[in-house]
Amino acid sequence: KELAGKTAFVTGAASGIGLGIATALAQAGVKVMMADIEKDALDKAISDLRLTNADVEGVIADVSLKDQLQAAADATIERFGKVHILVNNAGVGGAGGYGQWNDAAWDWTIGVNLMSVVWGFEIFGPLIESHGEGGQIVSTASMAGLVAAVAPAYNVTKYGVVALSEGLRQELAPRGIGVSVLCPGFIRTKIMESGRNLPGRFASKIDVEAAAAQAAESEFAKMAADLINKGIDPLYVGELVREAIEEDWPYIFTDNMFESGVDERFAAIKAGFDRIRDRTPRH
Ligand code: NAI
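None of these values were measured; they are calculated from a predicted model.

Rules of the game
Residues numbered from 1 in each chain as written. Predicted model: local features only at pLDDT ≥ 70, side-chain atom pairs only at ≥ 80, totals over all residues. Heavy atoms only, no water. Helix = DSSP H or I, 4+ residues; strand = E, 2+ residues; numbered from the N terminus. Rg over C-alpha atoms; globule rule 2.2 N^0.38 Å. Buried < 20%, exposed > 50% of the residue type's maximum accessible area, 1.4 Å probe, protein only. Contact = heavy atoms within 4.5 Å. Areas by Shrake-Rupley, 256 points an atom, 1.4 Å probe, with all protein chains shown as cover. Lys, Arg positive; Asp, Glu negative; His and termini not counted. Charge placed at Lys NZ, Arg CZ, Asp CG, Glu CD. Near = heavy atom within 4 Å. Polar contact = N/O pair within 3.5 Å; in protein donor to acceptor, adjacent residues only side chain to side chain. Phe/Tyr/Trp six-rings, centres within 6.5 Å; stacked < 30°, edge-to-face > 60°. Patch = residues over 30% accessible without salt bridge, like charges linked within 9 Å, V, L, I, M, F, W, Y side chains within 5 Å. Salt bridge = Lys/Arg side-chain N within 4 Å of Asp/Glu carboxyl O. Pairing = 2+ DSSP bridges. Right-handed = clockwise from strand over helix to strand, strands pointing away. Axes fitted to C-alpha atoms, helices over the stretch in contact; angles between N-to-C directions. Parallel < 35°, antiparallel > 145°, perpendicular 65-115°, else oblique. Left-handed = near helix turned anticlockwise from the far one by under 90°. Nonpolar A, V, L, I, M, F, W, Y, C, P; charged D, E, K, R; others polar.

Peer 1: Please explain the overall build of the chain as it appears in this structure.
Peer 2: On a plain count of helices and strands, the chain comes out with nine helices and seven strands. Its C-alpha atoms give the chain a radius of gyration of 19 Å, within 12% of the compact-globule value 19 Å for 283 residues. When the 283 residues of the chain are sorted by exposure, 46% land in the buried category. Taking the intrachain contacts of the chain between residues at least 6 apart in sequence as the baseline, contacts between residues at least 24 apart amount to 72%. Element-wise, carbon and sulfur atoms account for 55% of the exposed surface of the chain, whose accessible area totals about 13,900 Å². Looking at the chain, you have 26 positive and 37 negative side-chain charges, and the mean spots of the two groups are 4 Å apart.

Peer 1: Could you clarify how one ought to interpret the site of the ligand in this entry?
Peer 2: The ligand sits among 31 residues. The nearest are I17, D36, Y154, I187 and T189. Take V63: an N or O atom from its main chain is 3.0 Å from a nitrogen atom of the ligand. Measuring from an oxygen atom of the ligand, one finds a side-chain N or O atom of N197 at 3.1 Å. In the complex, 98% of the free accessible area of the ligand, which totals 820 Å², lies under the protein chains.

Peer 1: Got a minute to help me understand the packing of aromatic side chains in this structure?
Peer 2: Geometrically, a pair of aromatic rings is defined through the distance of the ring centres and the angle of the planes. Inspection of the entire model under this criterion finds five aromatic pairs. Ring geometry for W101 versus W106: centroids 5.3 Å apart, planes at 90°, classification edge-to-face. On the basis of relative accessible area, W101 is assigned to the partly exposed category, the value being 31%. Plain terms: the ring middles of Y251 and F253 are 5.9 Å apart, the flat faces sit at 35° to each other, and that makes the pair tilted. Residue class for Y251 comes out partly exposed when judged on its relative accessible area of 36%. The class of F253 is partly exposed, set by a relative accessible area of 38%. Site record: aromatic cluster; members linked through ring pairs are Y98, W101 and W106.

Peer 1: Just checking my understanding: could you explain a negative patch on the surface for this structure?
Peer 2: Residues E2, E243, E246 and E247 make up a contiguous surface patch of negative charge. In this fold, E246 is placed in helix 8 (residues 234-247).

Peer 1: Honestly, the pattern of salt bridges in this entry has me stumped. Any pointers?
Peer 2: Think of it this way: side chains of opposite charge can pair up when their charged atoms draw near. Taken as a whole and judged by the stated rule, the model has 15 salt bridges. With a closest N to O distance of 3.1 Å, R201 and D62 form a salt bridge. Residue R201 is found in the loop between strand 6 (177-183) and helix 6 (208-217), and its partner D62 is found in the loop between strand 3 (56-60) and helix 3 (66-80); the two are separated by 139 residues along the sequence. Bridged by salt links that share partners, the residues R50, D55, E57 and R79 form one connected network.

Peer 1: Got a minute to help me understand the pairing of strand 5 (residues 135-140) in this structure?
Peer 2: With six of six residues buried, strand 5 is to be regarded as a mostly interior element. As judged from the four bridges shared by strand 4 (residues 85-88) and strand 5, these two strands associate in the parallel manner. By the bridge assignment for strand 5, N88 is matched with S139. You can see the chain leave strand 5, run along helix 5 (residues 152-172) and come back into strand 6, and the turn it takes is right-handed.

Peer 1: Honestly, the sheet that holds strand 7 (residues 251-253) in this entry has me stumped. Any pointers?
Peer 2: Where strands meet in a sheet, backbone hydrogen bonds hold them as pairs that are either parallel or antiparallel. If you walk across this open sheet you meet the seven strands as 3-2-1-4-5-6-7, and the pairing is parallel. With partners counted over all chains shown, the strands left at the sheet margins are strand 3 and strand 7, one partner each. Taking each pair of neighbouring strands and ignoring which way they run, the sheet shows an average axis angle of 15°. On the sheet, helix 1 (residues 16-27) packs against strand 1 (7-11), strand 2 (31-36), strand 3, strand 4 and strand 6 and is oriented at approximately 170° with respect to strand 2. Across the sheet, helix 4 (residues 103-130) touches strand 1, strand 4, strand 5 and strand 6, and the angle it forms with strand 4 is around 175°.

Peer 1: Is there a simple way to think about the packing of helix 1 against helix 8 in this case?
Peer 2: Each pair of packed helices gets described by two things: the angle between the helix axes and the distance between those axes. The contact between helix 1 and helix 8 brings their axes to 7 Å, and the two run at 55°. When the axis of helix 1 is compared with that of helix 8, the two are oblique. As for how helix 1 packs across helix 8, the hand of that crossing is right-handed. Judged by residue contacts, G16, I17, G20, I21, T23, A24, L25 and Q27 of helix 1 engage P234, L235, V237, G238, E239, V241, R242 and I245 from helix 8. When the residues that make up the contact of helix 1 with helix 8 are grouped by side-chain class, the tally is nine nonpolar, five polar and two charged.

What follows is the structure, given as structure tokens:
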């Protein structure tokens, strides 16, 4: 796929992986509408990119609210006329482990990480299809979308993004829309500070500081924070995504750290089939 001159809409574009993707696309001559909830970071990202002559625009949106995502899509068409590429990337660490979560934390995590992706497909699919030039929908899941660790709400949303992408890839291909799922390993971003983006409606229900303090005690969180601090460069991830869009990769992985974990999961699933292979089901 030729990218120069096309238009992309990227969520969570003000920092981390989203900014890496927006930058890599802009470097290839793609016009980028950058959506985010964090105004100061978004303003800075846009002014930095414009210094490199990138054709980028920003829109403030809380993607966990459908009407705000719709308004951002409308603003994209108004500004650029068409849209070819959707990158559903905004995400939060969200609810803690078993015994630490509450309903509001599940709502927040599901809203940002999963429902925004459902709505992204729903709102942008017809916009991409309408011009007949084809396009791509890339959604950021995680290795936590292929292997379950100790953050259940996060895992649920990321498995959900993988499931949506796998299913809709077949359905959207005849409409000229490629579908890719990005499953990063540890990337050097601000994901451990997701509480900075807690939408106001959850403020009285989720104590971000207490959750962060509690997480800071856990060995898993300490290890994850350390791996993220030493993680892969988000711009490298952006460049991989650009290549994946050009070539319509179904899965975009950043490294092989979790390959053995995926193998173990598949082996356990296979063992489940093997266990009942010689039995005849009763109907
Ligand atoms: P980040 O915190 O640096 O960037 C996330 C961006 O999403 C921020 O700019 C933030 O303001 C925005 N955002 C958060 N809530 C939002 C909302 N309600 N509406 C609109 N924008 C919102 O973190 P990172 O790591 O760049 O996260 C991007 C994606 O990558 C997420 O989906 C995350 O789950 C995923 N991911 C990250 C990994 C890592 O190691 N950093 C590994 C695997 C997946």
